Amino acid sequence: MAKRRPEEIIGEWGIRDVTPSSQAERSRLRDETATNPLAHQPLKRRIRRFRAEPDRYLASLGGPLPFMRRLRQIDDEIEAVTVRLAQAYAERNDDGSWRLLAERWDFGEVNDLIERHNRWYPIEARLPMDPRTRDYVKIGGRSYRREPLDVHWILDRFPA
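Keep in mind the model is a prediction, meaning the values are calculated, not measured.

Q: What is the right way to read the overall build of the chain from this model?
A: Assigned secondary structure in the chain consists of 7 helices and 2 strands. The secondary structure elements of the chain, listed N-terminal to C-terminal, are α-α-α-α-α-α-β-β-α. Relative to its 160 residues, the chain shows a buried fraction of 18%. Within the chain, contacts between residues at least 6 apart in sequence are counted, and of these 70% link residues at least 24 apart. Carbon and sulfur atoms provide 53% of the accessible area of the chain, an area that totals close to 13,800 Å².

Here you go:
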């Protein structure tokens, strides 16, 4: 195997000789600048939406943040409840017993997690405020709040 020079590896060769293809590309670009109305105009200043802050950097070294772990736990709990409900739905006898089971289903643990999420998520995720609505901004067009689970949640997924 032929040994390569460092200049070839890192690309520190400076300006190379002009090839016919690069010469043609340069002339095309020169012709386009004559017809471009934005040529030789200063570019608009782009505002950066990212700030490298030390506290965010240090927080990233500690693994998932509390709201991330809580959201994962909520999703896992909802999935487990859905599996248990699907089993109970398959074993149901009649609509009346299913509705009674749905009314008695305990969502205490999941709803407690959802309530803590709704209370602490905007602070932990550092959501900015929307001055028009005087509320935290929406994430992907939706509110960050999660609805607690209840009888209607069960009957929407598993109708009587």
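Continuing now.
Q: Help me understand the side chain of His117 in this model?
A: Take His117: it is sitting in helix H6 (residues 108–124). Setting aside chain neighbours within four positions, we find His117 in contact with Arg70, Leu71, Ile74, Pro122, Tyr144 and Arg146.

Q: Just to check I follow, could you spell out the packing of aromatic side chains for this structure?
A: In this description, an aromatic ring pair is defined by two values, namely the gap between the centres and the angle between the planes. In total, this model carries 7 aromatic pairs according to the counting rule given. Taking the centre distance of 5.8 Å and the plane angle of 85° together, the rings of Phe107 and Trp153 count as edge-to-face. Here Phe107 is found in the loop between helix H5 (95–104) and H6, whereas its partner Trp153 is found in helix H7 (residues 151–157), with 46 residues between them in sequence. In this structure, Phe107 and Trp153 share a single accessibility class: buried. Geometrically, the ring pair formed by Tyr121 and Tyr144 is stacked, given 5.8 Å between the ring centres and 25° between the ring planes. Note that Tyr121 is positioned in helix H6 and Tyr144 in the loop between strand S2 (135–136) and H7, a separation of 23 residues in sequence. Comparing Tyr121 with Tyr144 shows no difference in burial state: the two are buried.

Q: Would you mind going over the confidence of the model for the chain with me for this structure?
A: Close inspection of predicted coordinates is inappropriate in any region flagged by low pLDDT. Residue-level pLDDT values for the chain average 83, and 86% of them are 70 or greater. Per-element averaging of pLDDT across the chain places helix H1 (residues 6–10) at the bottom with 63 and H6 at the top with 93.

Q: Explain the nonpolar core to me, please; I cannot follow it from the model alone.
A: In a soluble, globular protein the nonpolar side chains are often hidden away together inside. In terms of nonpolar packing, the biggest core is built from 17 residues, with Val81, Leu85, Trp98, Phe107, Leu149, Trp153 and Ile154 touching the most fellow members. At the level of secondary structure, the elements contributing two or more residues to this core comprise helix H4 (66–90), H5, H6 and H7. With 5 residues, H4 is the largest single contributor of residues to this core. Residues contacting Trp153, with those up to four places away along its chain left out, are Ile78, Val81, Thr82, Leu85 and Phe107. With 5 residues, the next largest nonpolar core counts Phe67, Leu71, Tyr121 and Tyr144 among its residues.

Q: Whenever I open this one, the environment of Leu100 confuses me. Can you help?
A: Structurally, Leu100 can be placed in helix H5. The spatial distance from the C-alpha of Leu100 to the C-alpha of Val151 is 9.5 Å, given a sequence separation of 51 residues.

Q: For this particular structure, what's the right way to read the pattern of salt bridges?
A: Pairs may arise between side chains of opposite charge once their charged atoms sit close together. For the structure on display, the rule yields 6 salt bridges. Of the charged contacts, one joins Asp75 and Arg146 as a salt bridge, the two residues approaching to 3.0 Å between their closest N and O atoms. Residue Asp75 is located in helix H4, and its partner Arg146 is located in the loop between S2 and H7; the two are separated by 71 residues in the primary sequence. Asp112 is the salt-bridge partner of Arg116, the closest N and O atoms lying 3.5 Å from each other.

Q: Please explain the side chain of Arg70 as it appears in this structure.
A: Within the element layout of this structure, Arg70 appears in helix H4. By relative accessible area, Arg70 is classed as buried at 9%. There is a polar contact of 2.5 Å between the side chain of Arg70 and the side chain of Glu124. In this view, Arg70 contacts Leu113, Arg116, His117, Trp120, Tyr121 and Glu124; residues no more than four positions away in its chain are not counted.

Rules of the game
- Residues numbered from 1 in each chain as written.
- Predicted model: local features only at pLDDT ≥ 70, side-chain atom pairs only at ≥ 80, totals over all residues.
- Heavy atoms only, no water.
- Helix = DSSP H or I, 4+ residues; strand = E, 2+ residues; numbered from the N terminus.
- Buried < 20%, exposed > 50% of the residue type's maximum accessible area, 1.4 Å probe, protein only.
- Contact = heavy atoms within 4.5 Å.
- Areas by Shrake-Rupley, 256 points an atom, 1.4 Å probe, with all protein chains shown as cover.
- Phe/Tyr/Trp six-rings, centres within 6.5 Å; stacked < 30°, edge-to-face > 60°.
- pLDDT = per-residue confidence, 0-100.
- Core = buried A, V, L, I, M, F, W, Y, C linked by side-chain atoms within 4.5 Å.
- Salt bridge = Lys/Arg side-chain N within 4 Å of Asp/Glu carboxyl O.
- Polar contact = N/O pair within 3.5 Å; in protein donor to acceptor, adjacent residues only side chain to side chain.

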